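Observations on the three-dimensional arrangement
In case you want the letters, here they are:
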Amino acid sequence: MSRNMVAQTAFGPMVLAAVEQNEPPERRLVDDDLANLFLPAPLRWLVTATRVAPVRRAMIRASEWSGRGLWANLACRKRFIGDKLDEALPGIEAVVILGAGLDTRPYRLTRRVRIPVFEVDLPVNIARKLETVRRVLGGPPLSVRLVALDLERDDLLTSLAEHGFRTDYRAFFICEGVTQYLSEETVRRTLEGLRAAAPGSRLLFTYVRRDFIDGTNRYGTRTLYRSVRERRQLWHFGLQPEEVGDFIAAYGWRLVEQAGPDDLVRRYVEPTGRKLKASQVEWSAFAEKV
């Protein structure tokens, strides 16, 4: 698997967040005023074109070609993460974002609180992120630490500790759109490392259904399956919703809530009046360290 190929997936979610800013506020699924600024110039030009409603609608329809329902999935999972983080903020002392990509959340978060935020990603993505933050903001705030590592090869807690993370922090760990790119061994090793997290820490992660990974059920997204499983072998790991509680309990985490695509559509899409459906391929899970 090409690690650079995985690194390129950092752009898609931020294009979505930037395009969503061109929706009227009452129809918007994601609020992110930094998203467009964090994109390279060609993508910023593309996002500018979507200020015109027909162009924006055409882009969203085009996204359905490669993965039906993925636009709603990506937007809603961001909202779900934001909601859970907001609820937890009064009781946490650090935020750790695994596979941070170009996510602007750390920089929007510093407007509200001064707790350390650790952005973890592949070295190529961290280098790109640092360059982007310098261009947009002049440099990262003191509370944001960029941690370059490859979860397949490097030790997460060792790398975090080198950047000031302490295991006695009640931390909020975010793992958005990452687990499917990892091997099962790496997912388990990462959870084993997080066993050391302080009680009361939170973990929010997304996962792809295992029956999609093994081809048993492609959920109407054959193009996506061919892309991520047959042609490029990008996605490797999956879970079934009924397994998640036991899977993470083995590493000291208690499942608090699972959010499936239908629930997320009811929660976030239907109030806007938009007619978007979510893919059944991806789910979100929220857990607490016991």
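Located above this text is the structure these notes cover.
Presented here is a report on the structure given in the accompanying data block. None of these values were measured; they are calculated from a predicted model. (Residues numbered from 1 in each chain as written. Predicted model: local features only at pLDDT ≥ 70, side-chain atom pairs only at ≥ 80, totals over all residues. Heavy atoms only, no water.)

**Overview of the overall build of the protein**
Summing up its helical and strand segments, the protein has 13 helices and seven strands in all. Taking 2.2 N^0.38 as the reference for a compact globule, 290 residues should give roughly 19 Å; the C-alpha atoms of the protein span a radius of gyration of 18 Å, in line with that estimate. Overall, the protein is about 50 × 50 × 35 Å in size when its C-alpha atoms are taken along their principal axes. Per-residue burial over the protein gives 54% buried out of 290 residues. (Helix = DSSP H or I, 4+ residues; strand = E, 2+ residues; numbered from the N terminus. Rg over C-alpha atoms; globule rule 2.2 N^0.38 Å. Buried < 20%, exposed > 50% of the residue type's maximum accessible area, 1.4 Å probe, protein only.)

**Section: the nonpolar core**
Grouped together as the largest cluster of nonpolar side chains are 49 residues, with contacts concentrated most on Leu85, Ile92, Val95 and Phe172. Among the elements that line this core, the one with the most residues is helix 5 (residues 70-88), at eight residues. Not counting chain neighbours up to four residues away, the residues in contact with Ile92 comprise Leu85, Ile115, Arg170 and Phe172. Counting residues in each nonpolar core, the second largest holds 34 residues, with Ala94, Val120, Val147 and Ala171 among its members. (Core = buried A, V, L, I, M, F, W, Y, C linked by side-chain atoms within 4.5 Å. Contact = heavy atoms within 4.5 Å.)

**Considerations on the pattern of salt bridges**
If charged atoms from side chains of opposite charge come close, those side chains can pair. Scanning the model with the defined rule gives 27 salt bridges in all. A salt bridge links Arg111 to Asp33, with the shortest nitrogen-to-oxygen separation between them at 3.1 Å. Pair noted here: Arg111 is in the loop between helix 6 (105-109) and strand 2 (117-121) and Asp33 is in the loop between helix 2 (11-20) and helix 3 (41-49), with a separation of 78 residues, a long-range link. With a closest N to O distance of 2.8 Å, Glu282 and Arg77 form a salt bridge. Taken together, the positions of Glu282 in strand 7 (residues 282-289) and Arg77 in helix 5 put the pair 205 residues apart, joining distant regions of the chain. Exposure remark for Glu282: the relative accessible area of 9% places this residue in the buried category. Here the salt bridges do not stand alone but share partners, grouping Glu20, Glu23, Arg27, Arg56, Arg57 and Arg274 into one network. (Salt bridge = Lys/Arg side-chain N within 4 Å of Asp/Glu carboxyl O.)

**Considering the pairing of strand 4 (residues 171-175)**
With five of its five residues buried, strand 4 lies for the most part within the structure. Of the two faces of strand 4, both are covered, the one formed by Ala171, Phe173 and Cys175 as well as the one formed by Phe172 and Ile174. Relative to strand 4, strand 1 (residues 94-98) is paired through five bridges, and the arrangement is parallel. Bridged to Ala94 within strand 4 is Ala171. Relative to strand 5 (residues 202-208), strand 4 is paired through four bridges, and the arrangement is parallel. Bridge pairing links Ile174 to Leu204 in strand 5. (Pairing = 2+ DSSP bridges.)

**Regarding the packing of helix 5 against helix 13 (residues 261-269)**
Viewed as axis vectors pointing N to C, helix 5 and helix 13 meet at an angle of 75°, and their least axial separation amounts to 10 Å. Regarding the angle of helix 5 to helix 13, the classification is roughly perpendicular. In contact with Asn73, Cys76, Arg77, Arg79, Phe80 and Asp83 of helix 5, helix 13 contributes Pro261, Leu264, Arg267, Tyr268 and Val269. Of the residues belonging to the contact of helix 5 with helix 13, the class tally is six nonpolar, one polar and four charged. (Axes fitted to C-alpha atoms, helices over the stretch in contact; angles between N-to-C directions. Parallel < 35°, antiparallel > 145°, perpendicular 65-115°, else oblique. Nonpolar A, V, L, I, M, F, W, Y, C, P; charged D, E, K, R; others polar.)

**Quick look at the sheet that holds strand 1**
Spatial strand order, 3-2-1-4-5-7-6: seven strands in an open sheet with mixed pairing. In this open sheet, the two edge strands, each paired with only one partner strand, are strand 3 (144-148) and strand 6 (253-259). Taken pair by pair, the neighbouring strands of this sheet meet at an average axis angle of 20°, ignoring direction. Here five bridges tie strand 2 to strand 3, and the two strands are oriented parallel to one another. Among the inter-strand pairings, Glu119 is bridged to a residue of strand 3, identified as Leu146. Helix-sheet contacts for helix 9 (residues 184-194) involve strand 1, strand 4, strand 5, strand 6 and strand 7, and the interaxial angle to strand 5 is about 175°. Sheet strands in contact with helix 13 are strand 6 and strand 7, and its direction is about 65° off that of strand 6.

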